[in-house]
Amino acid sequence: MANESIGSVLVVGAGVSGIQSALDLAEMGLKVFLLDETTAIGGNMAKLDKTFPTNDCSLCILSPKLVAAGKHPNIQLLMRSEIIGLAGSPGRFKVKIKKEPTYIIDEKCVGCGACAEKCPVKVPNEYDMKQGVRKAIYILYPQAVPMKYAIDRERCLHFKTGKCQLCMKACQNDAIDHEQLPEEFDLDVGAILLAPGFELFDCTIKTAYGYGRFRNVISNMEFERILSASGPTKGHVQRPSDGAAPKRIAFIQCVGSRDQQTGNTYCSSYCCMAALKEAVIAKEHLGELEAHIYFMDTRAFGKEFEAYLHRAEEEYGVVVHRNNRISNVEQQCDRSLLVRYHEGAEIHEQQFDMVILSAGARPPLHVDKLVKALGVEQNKFGFCETEDFTPMDTNVPGIYVCGMFSGPKDIPDSIAQASGAAGKISALLADSRGTMVSTREFPKETDVTGQEPRIGVFVCQCGINIGGVVDVPAVAAYAKTLKNVEYVEDNLYTCSQDTQEKIRSVIGDHKLNRVVVASCTPRTHESLFKNTVREGGLNQYLFEMANIRDQCSWVHMKEPAKATEKAKDLVRMAVAKSRLLEALPTPKVKVEKSALVIGGGLAGMTAALGIAEGGFPVHLVEKSTSLGGHLKEIYHTLTGLDPQKVLSETKDKLSKNSKVTIHLNTTVKEIAGYVGNFETELSDGAEIKQGAIIVASGGIEYQPKEYMYGQDPRIILQTELGRRLEKKEFDAKTVAIIQCVGSRNEENPNCSRICCFTAMANALRIKKEHPSTSVYVLYRDIRTYGFAEEFYNEAARIGVLFVRWDVDGPPVVTVENGSLTVRVHEKFIEDEIELKPDLLVLNASTRANPDNKELQKMLKVPIMKSGFFLEAHMKLRPVDFATDGIFLCGLAHSPRRIGESIAMANGAAARAMTILTKDEIESEGSTSIVNQEKCRGCGDCEAVCEFAAARVTEVSPGVFKSQINDILCKGCGTCVAACCNGAITSRHFKSNQIAKMIESALDKEAKA
Ligand SMILES: Cc1cc2nc3c(=O)[nH]c(=O)nc-3n(C[C@H](O)[C@H](O)[C@H](O)COP(=O)(O)OP(=O)(O)OC[C@H]3O[C@@H](n4cnc5c(N)ncnc54)[C@H](O)[C@@H]3O)c2cc1C
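Bear in mind that the values here come from a model prediction, so they are computed numbers and not experimental data.

Q: Explain the site of the ligand residue by residue, including any values.
A: Residues in close proximity to the ligand total 39 residues, the closest being S17, D36, N44, K409 and K875. Residue S17 places a side-chain N or O atom 2.6 Å away from an oxygen atom belonging to the ligand. A distance of 2.8 Å is found between an oxygen atom of the ligand and a backbone nitrogen or oxygen belonging to I411. Elements supplying a minimum of two residues to the shell around the ligand: α1 (16–27), β2 (31–36), β3 (50–51), α6 (220–227), α7 (271–285) and α10 (411–428). Here the residues of the shell around the ligand are counted per class, giving 19 nonpolar, 11 polar and nine charged.

Q: Could you give an account of the packing of aromatic side chains, with specific residues and numbers?
A: According to the stated counting rule, one finds 20 aromatic pairs in the structure shown. Relative to F802, the ring of Y779 has its centre 6.1 Å away and its plane inclined at 80 degrees; by these criteria the two rings are edge-to-face. A residue pair is termed long-range when its members are at least 10 positions apart, and Y779 in strand β40 (residues 774–779) and F802 in strand β41 (residues 801–804) qualify at 23 residues. The buried category is assigned to F802, whose relative accessible area is 19%. An aromatic cluster is defined as three or more aromatic residues linked by ring pairs; in this entry it consists of F52, F301, F305, F757 and Y785. A cation over an aromatic ring shows up here: R134 above the ring of Y138, its NZ or CZ 3.8 Å from the ring centre.

Q: Before we move on, can you summarise the packing of helix α16 (residues 560–579) against helix α26 (residues 991–1002) with the specific residues and values?
A: With their axes 8 Å apart at the nearest point, α16 and α26 run at an angle of 150 degrees to one another. In this structure, α16 meets α26 at a crossing whose hand is right-handed. In this structure, α16 contributes R572, M573, A576 and K577 to the contact, and α26 contributes Q993, K996, M997, S1000 and A1001.

Q: Any chance you could break down the packing of helix α2 (residues 58–71) against helix α14 (residues 522–535) for me, citing the residues and the numbers?
A: Here α2 crosses α14 at 25 degrees, and the two axes come no closer than 8 Å. As the angle between them shows, α2 and α14 are arranged roughly parallel. Mapping the contact onto sequence places C60, S63, P64, V67 and K71 in α2 and R523, T524, H525, S527, L528 and N531 in α14. Residues belonging to the contact of α2 with α14 are distributed by class as follows: four nonpolar, five polar and two charged.

Q: Could you give an account of the sheet that holds strand β31 (residues 618–621), naming the residues involved and the relevant values?
A: Strand order in this open sheet of five strands is β32-β31-β30-β36-β47, and the pairing throughout is parallel. Either end of the sheet is taken by a strand with one partner, and the two such strands are β32 (660–663) and β47 (886–888). On average, each strand axis in the sheet is tilted by 20 degrees relative to the strand beside it, whichever way the strands run. Summarising the sheet, strand β36 (residues 692–695) and β47 pair through three bridges and their orientation is parallel. When the bridges of β47 are listed, V695 appears paired with L888.

Q: Account for the nonpolar core, with residues named and values stated.
A: One recurring pattern in soluble globular proteins is that nonpolar side chains are buried together. With 139 residues, the main nonpolar core has I41, I137, V457 and I611 as its most contacted residues. At 12 residues, the largest contribution of residues to this core is made by helix α23 (residues 898–916). What I41 contacts, discounting residues up to four positions off in sequence, is A14, I19, L34, L66, A69, L77, M79, Y141 and V145. The next biggest cluster of nonpolar side chains, apart from the first, holds 35 residues, and it includes A274, A279, A300 and M404.

Q: Would you mind going over the sheet that holds strand β13 (residues 191–194) in detail, with residue names and values included?
A: A sheet is described by the order of its strands in space; here five strands give the open sequence β5-β2-β1-β13-β24, paired in parallel fashion. Because the sheet does not close on itself, it has two edges, and the strands there are β5 (75–79) and β24 (399–401). In this sheet, neighbouring strand axes are inclined to one another by 20 degrees on average, regardless of whether the strands run parallel or antiparallel. By the bridge criterion, five bridges tie β2 to β5 in an arrangement that is parallel. Bridging across to β5, F33 finds its partner in Q76. Where α10 meets the sheet, its contacts fall on β1 (8–12), β13 and β24, and the angle it forms with β24 comes to roughly 165 degrees.

Q: An account of the environment of E222 is requested, with residue identities and associated values reported.
A: Relative to the elements of secondary structure, E222 occurs in helix α6. Owing to a relative accessible area of 10%, E222 belongs among the buried residues under this scheme. Spatially, the C-alpha atoms of E222 and M129 are 5.6 Å apart, while their sequence positions differ by 93 residues. Look past the residues within four positions of E222 in its chain and what remains in contact with it is M129, Q131 and Y211. Separated by 2.6 Å, the side chains of E222 and Y211 make a polar contact.

Reading the values: rules and limits
- Residues numbered from 1 in each chain as written.
- Predicted model: local features only at pLDDT ≥ 70, side-chain atom pairs only at ≥ 80, totals over all residues.
- Heavy atoms only, no water.
- Near = heavy atom within 4 Å.
- Polar contact = N/O pair within 3.5 Å; in protein donor to acceptor, adjacent residues only side chain to side chain.
- Helix = DSSP H or I, 4+ residues; strand = E, 2+ residues; numbered from the N terminus.
- Nonpolar A, V, L, I, M, F, W, Y, C, P; charged D, E, K, R; others polar.
- Phe/Tyr/Trp six-rings, centres within 6.5 Å; stacked < 30°, edge-to-face > 60°.
- Buried < 20%, exposed > 50% of the residue type's maximum accessible area, 1.4 Å probe, protein only.
- Lys NZ or Arg CZ within 6 Å of the ring centre and 35° of its normal.
- Axes fitted to C-alpha atoms, helices over the stretch in contact; angles between N-to-C directions.
- Left-handed = near helix turned anticlockwise from the far one by under 90°.
- Contact = heavy atoms within 4.5 Å.
- Parallel < 35°, antiparallel > 145°, perpendicular 65-115°, else oblique.
- Pairing = 2+ DSSP bridges.
- Core = buried A, V, L, I, M, F, W, Y, C linked by side-chain atoms within 4.5 Å.

This is how it looks when you write it as structure tokens:
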């Protein structure tokens, strides 16, 4: 690497993975240029209705990240841009960028929508998958970040005819400039991260399904938009041909995936779960709807996916078929559709009102140009070429990859890998971190104690989002009549940059000491307004918000007068509370710049190395006598790499890195403290301090009670088979491998994710090294997701025999006259088969480490019924715990493959470094406090506190009292509600404040 690196990074592609990595990089002190070819960030996730397996509203959970990236002082958005050239070397690249004109002056555009209202040109809306229309001047979607309009040059009447310009006349801010030209400029960056994501397979290619010919055959993404409340049918499930509610719908899986015909032989990984989710949501919309899904295998391999599959079948009545690929769809005279399929040995025919094609993923359309400019290699499908053990590295040093472009994956895996790539870049540019970033400085706070309240109220129209329903000027006029309200304004967008400046200046001009904003949700916008208020010189807790979008214009869309009245009520209540608001301190804590990693397997070693290479001391604690965990027993991978080589290289790097302290034969005895300041006692006597902790305690291999394991030496586990193959101790002539041993059953409903890969790796190795040996794989579903599907195909091609069973007819193992016998009901031929293997291999599940329970108590973090740890959010925060400063990776999270553990471990290291790179961190001022006299020490608060902030301690002999740790407390108020003695108060939600709000809600005449 060049001597001095440049402390900035170019992230290409602003889907969820690009956004996550940009946020992590910026938090680690690097300047980020976040580039996308479209006009708004969010990528494909912004189009989804809900996400499996949590059924969270996709945009609701994405929005805070969009807003955070949009307003981060160290992230610069480069929209409608592309890379056209590259020079330099890792650490010091010069990248040539071309930015297409949007014909809008961004600094002037407030996103009001007046231009689009007047624009006469209607164009199919890409965001709704062309099912609705947008104007020629448009924003990508209603909550777009940045909220800046763009003109579609190809469609705009002015560009076609030289006339029109209605948008120019409508724009009050002179933000439209039809003369704009493309710009070219250079960026100096230390590293480049590719996150250009994916596109959907073009379903017209599979002509047999009638997509593009039959109106009622649509793609999965089109269906996502139909399901979405912000979609073309406002969330009403309708048949495209006539708008009628469908009674029967079918999902056809693997369209453009696992398909020899199109050459897309890989599995797209997300579509099975996406179809289940879409079927469940459709049934939530239309209770009577019948939903059928035609799978080849159900690939429900992720955390809690199997449980979701069961819920879909049992609770929602989704009908799951397992069959060969559907051959064709026929349209009937009434536009209903006939789907033909095999089930068992029989051919069935079913009629449906709609057919949804589960389209697979393909690399993005323009990506070839991008990778060519950078010299990055693609695999044979056009995705970025990576290796199992270096999942974020491209062939070009200094250029990394994450998200879908490195291979099909779901959101949490994309996010974990995005953080992982950020971690690797942070290590590469460790010497220049902090050199190109600015920190936000706030002016000295005005002391408002004892002052009569002077309240400013800002009422937002949010374009037509609120203003289209609520009479915003009337709400603003009403706010002026309220006591202590000194200034009122209604804005097209209160969150726009110019309104933020306005708020800052009127605080000073009108000597305001409280601010109320009536707009959208605090979840996404409160922190923005709090910062603005701080910039205006006020304490951030002298701010209050009324949500007149979600609670008025959205839910009372059809009753504008009532929505307006309710908005007035909410504003009156917010003003009432704001009069009683008090300034609160924002505690700051110094950060101990070192980390603790618990567990010395692959994930723990990788995380520790990531942190050490990032420049921070790290203690790696391993309870056994050597590092490596399960990796020590893995001799080959599906892709033919050597895990033992990786193990010895990683151990070598750890031992040579002076920042790493390894504690073998050691466990954690006690952990105290909080983010930035943990104190840990180890069983080897060491007492260490650290700012962040990573849990990498791994998992264990299940020891089967079934299939006569332990009763006959010819019955072994998959790991033992791997060892025998490696040590040349394998000599069997007929091998049967039973899958899902101890997985997907009542005791352990989870899929163990790894087993189909190990079965394939071992089966292939046997067939290659011992071609005359017969290998039978007895499976329920083969789950070789992603590019590993190739190996499944190869195994079948070279003669591995696959026997499908289902849960009602599992294999039965006996020893008859000395010979090992396996009987099983084969599902495709619907017949009993009998095997006489001389070696029976059980592919046992991966279970949670029993030590997790002890760790959980010490760390006060949640574990699941399965014994695996529960992360902060299953979709968007896969490597974080809800408790700040503690992270997790590898098998401690859930079963995952080597490459996935490596990506996640680097991700955990990056998340930890977002803390370690700071000298001090701010914590929440709106915390809870215990009245010691009233407290009975019952412990209810401790039991409900998700953040381990409430603790009951013995303050004097036999006297127990609760105390809240201000740094850990998030101010959620759960303890306040749980305390039956009324001993706990929330500093920002005091009883008198809430009572005043209720009083004013009940008294419409109250002026505050
Ligand atoms: C129908 C459907 C349903 C799904 N449901 C779920 C679900 O419920 N749960 C779940 O976990 N996953 C789901 N997924 C998968 C999920 O959408 C992806 O895992 C995730 O969105 C991947 O994010 P990404 O950032 O890698 O890619 P993307 O979202 O594709 O983002 C890539 C970004 O890069 C930009 N870009 C592309 N090329 C270039 C270039 N050359 N230059 C500059 N910018 C470029 C694009 O404009 C885009 O903004 C679903 C997918 C589909 C298709």
